[in-house]
Amino acid sequence: MSSIPSKTHRKRPRTTMVALVVAQQFLCCSGFTGVQPTSSASTAATFSRPTMTTIFFRDDNEEGHSIESSSFILPSSTQHLSTTASDLSDLPPWLSTPKSHLAFENMQTLERAMFESRFFTGSETRRLLQTIEELSEGSLQRRAGAAEFCRILVDQMEMGFSAIMAAAFHYYACVNARKSENHQVDHTVLVEELLRKHSVEESIRSIARDASRLKQLEVLAARVDMGARPDSIHAETVRKLLLSETKDWRALAIRSAACLYRMRGCESDSLTPESISCGRDALHVYAPLASRLGMHRLKNELEGAAFKLLYKRQYKAVSAQTDIAASMQTVLKQVQVDMKDMLLQDKEFSDLVQDFKVTARVKEPYSLWKKMLRYGYKSILQVPDAIALRLVLNGKRLGLNEPSAVLQARERALCYYAQKVCMTRWNPMASQPRFKDYIERPKQNGYQSLHYTAESHVADKTWMLEIQVRSGEMHRVAEFGLASHWDYKAKQAGKVSLHKLESVGSGNSDLSSNAYLCKLQEWHWQQHGGASHSEASVSSTEPASSLNDVWQNSIRERRIKDRSQQLEPYIQALTEAQSNLARDYVFVFLTPSDKRDASGRVLTLPAGACVLDALREGEKAIGCSLTGSNSGFALNGAATSITRQLSNGDVLTLPHCGNAVAA
């Protein structure tokens, strides 16, 4: 029986930077001398841009051997060093905060994060830094922001090279849109302009285009729904709209990262309509989408940042009890170790279980506040599941040909047995044991698990904690939904292995097919520098030159496989949901011709709906008659008939509501 693996922490490598002092002086002073330009030829070739100076630094491992050499470029011309207040005055807070002085630091931190993630080769890291420098066109403000944005995808989301390269293009397209005099500019046009100037793989171009398409839909949704009171129905509609239009899940991940980037830029005490809108999007649109992508760290930070921004008083009240939360962590660690040791020593349990895992968590501040609000609790100690332990077990097959139904029945019995063993050590709370048997009576969404509230005595104090027990199959349903359960069952029957994913053809466009789901997995493998010839970097295809290189490549491959296996069921469930939405619904923007009219809406209609169906649905949402006239309507800017069938993302422009009523 396998136990929970302990993480081995590798010593943090030292960083030796050549010309570090010069680089720091460069950032702090108005002039820069002491390092020669890259070459006179390159300077002459780029006469329209500032002279560039290259800063090199090297990462050394414990033995002092060079692991990677990296570089990025800083402008030598002083006229490009700073950004004036007038350049930032019309920008939102996440773009207007001065960051020029952080350009070098942010680039260095991004490079360090990519190295420590073990997902990227040295050439991939250098290429990303070079791309950021080129796209910044000498602006340290933009360079600092782009490096900060890309780091979110490395640290919070563990995205791969193709996604992060696409994110860099997406960031600059969004900045250009904000600075454009034409505020109605199409984001897809701007990203195409940037892509035309750079030679990048088609996979990067595809992700960048898809992300810009989603951004454009967000802008339209915000524009037409300005007059609508934000509610759960509106948020659900926007989530479904974005999900249905997502061609590549990595584009949705980039937009989720953009939401976190905006939230980090809205941490000031002053509330503006734009920051409030960002907070609501984070809380009700992107946090749920991040959860569906399996990126729970991103989800928690989005919820926490939005909670802190929108509900300052409540956030302070919950945060004031952080000393209690620290004590909770101590309790959880102790109980977690005790539970693992107890189950390992139980012979009946050990003989019938293939493996098991015990995890612990303290509820996030936002979730705690919702629970306290719902039940009227005054302290987080009153929340029964403020701290919880979860036991997930997988039963052992007792024969090669044992039917799956027999194994599942044994796993259910083992769940009850494990709960009984736990109850002998951690007694149910006498006042509120809160026994919940979701195995016998599953929830409507298929959720199955055993819950009870126990009491633990640590440091002469009684603590309340929830203990959950479930099988591995039940856990997959709980985390990823029923779609992943059925896909897992099909894979168990077919014995699909990870290395076979590379053989899936790239021309398959059937979103509901198993081949397409496997293709998604192949994309994730490719974007991390896997076996794909189109995306592998130079360093990833070169033979290893030393034992250290072999070791580094081995770590990278193992990390990529682990991350791919972790994300796979989330992506499959997301794809299944997308396929269902595309089959069953069409999402249409209903917008008035008068820009001062705030009666627009985003409508959810059944697939195959026509203009007349949208008008009838719009009447319910807006509250005025729209079907009294057969003229004055425009579909995507052109005249249309009321029988015209609608497509996803169509924009239906209405005559002024007052005119429609009169008609």
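Here is a short report on the structure shown in this document. Please read these numbers as outputs of a predicted model, since none were measured by experiment.

### Topic: the sheet that holds strand β5 (residues 387-395)
Next up, step 1: Overall, mixed pairing links the 5 strands, which are arranged β4-β5-β8-β7-β6 in an open sheet. Strands at the two margins of the open sheet, each flanked by one partner only, are β4 (353-362) and β6 (436-437).
Next up, step 2: Pairing geometry for strand β7 (residues 450-458) and strand β8 (residues 461-471), over 9 bridges, is antiparallel. By the bridge assignment for β8, L450 is matched with V469.

### Looking at the sheet that holds strand β10 (residues 601-606)
Next up, step 1: Ordered in space as β10-β9-β13-β11-β12, the 5 strands form an open sheet in which the pairing is mixed. The open sheet is flanked by β10 and β12 (638-639), the only strands paired with a single partner.
Next up, step 2: As paired elements, strand β11 (residues 634-635) and strand β13 (residues 651-654) share 2 bridges and run antiparallel to each other. Bridge pairing in β13 links A634 to T653.
Next up, step 3: The strands that helix α10 (residues 202-224) touches are β9 (585-592), β10 and β13; relative to β9, the one it contacts most, it runs at about 50°.
Next up, step 4: Against the sheet, helix α11 (residues 232-245) touches β9 and β10, its axis set at about 115° to β9.

### Structural notes on the packing of α11 against helix α13 (residues 273-292)
Next up, step 1: Across the interface, α11 lies against α13 with an axial gap of 9 Å and an inter-helix angle of 50°. Of the possible angle classes, the one that applies to α11 and α13 is oblique. Relative to α13, α11 is oriented so that their crossing is right-handed. In this structure, α11 contributes A235, V238, R239, L242 and L243 to the contact, and α13 contributes H284, V285, Y286, P288, L289 and R292.
Next up, step 2: Along the lines of polarity and charge, the residues of the contact of α11 with α13 split into 8 nonpolar, 1 polar and 2 charged.

### Notes on the packing of helix α8 (residues 161-179) against helix α12 (residues 249-264)
Next up, step 1: Relative to each other, α8 and α12 sit at 55°, their axes nearing to 10 Å. Classed by the angle they form, the pair α8 and α12 counts as oblique. Between α8 and α12 the crossing geometry is right-handed. Residues S162, A163, A166, A167, H170, Y171 and C174 of α8 touch α12, and the partners they reach there are R250, I254, R255 and Y261.
Next up, step 2: A per-class count over the contact of α8 with α12 returns 7 nonpolar, 2 polar and 2 charged.

### Points about the environment of A222
Next up, step 1: Note that A222 resides in helix α10.
Next up, step 2: Taking relative accessible area as the criterion, A222 reaches 46% and is therefore assigned partly exposed.
Next up, step 3: Through-space distance from the C-alpha of A222 to that of G600 is 9.6 Å; in sequence the pair is 378 residues apart.

Criteria and cut-off values
Residues numbered from 1 in each chain as written. Predicted model: local features only at pLDDT ≥ 70, side-chain atom pairs only at ≥ 80, totals over all residues. Heavy atoms only, no water. Pairing = 2+ DSSP bridges. Helix = DSSP H or I, 4+ residues; strand = E, 2+ residues; numbered from the N terminus. Contact = heavy atoms within 4.5 Å. Axes fitted to C-alpha atoms, helices over the stretch in contact; angles between N-to-C directions. Parallel < 35°, antiparallel > 145°, perpendicular 65-115°, else oblique. Left-handed = near helix turned anticlockwise from the far one by under 90°. Nonpolar A, V, L, I, M, F, W, Y, C, P; charged D, E, K, R; others polar. Buried < 20%, exposed > 50% of the residue type's maximum accessible area, 1.4 Å probe, protein only.

Function cannot be inferred from these measures alone, as they are strictly geometric.
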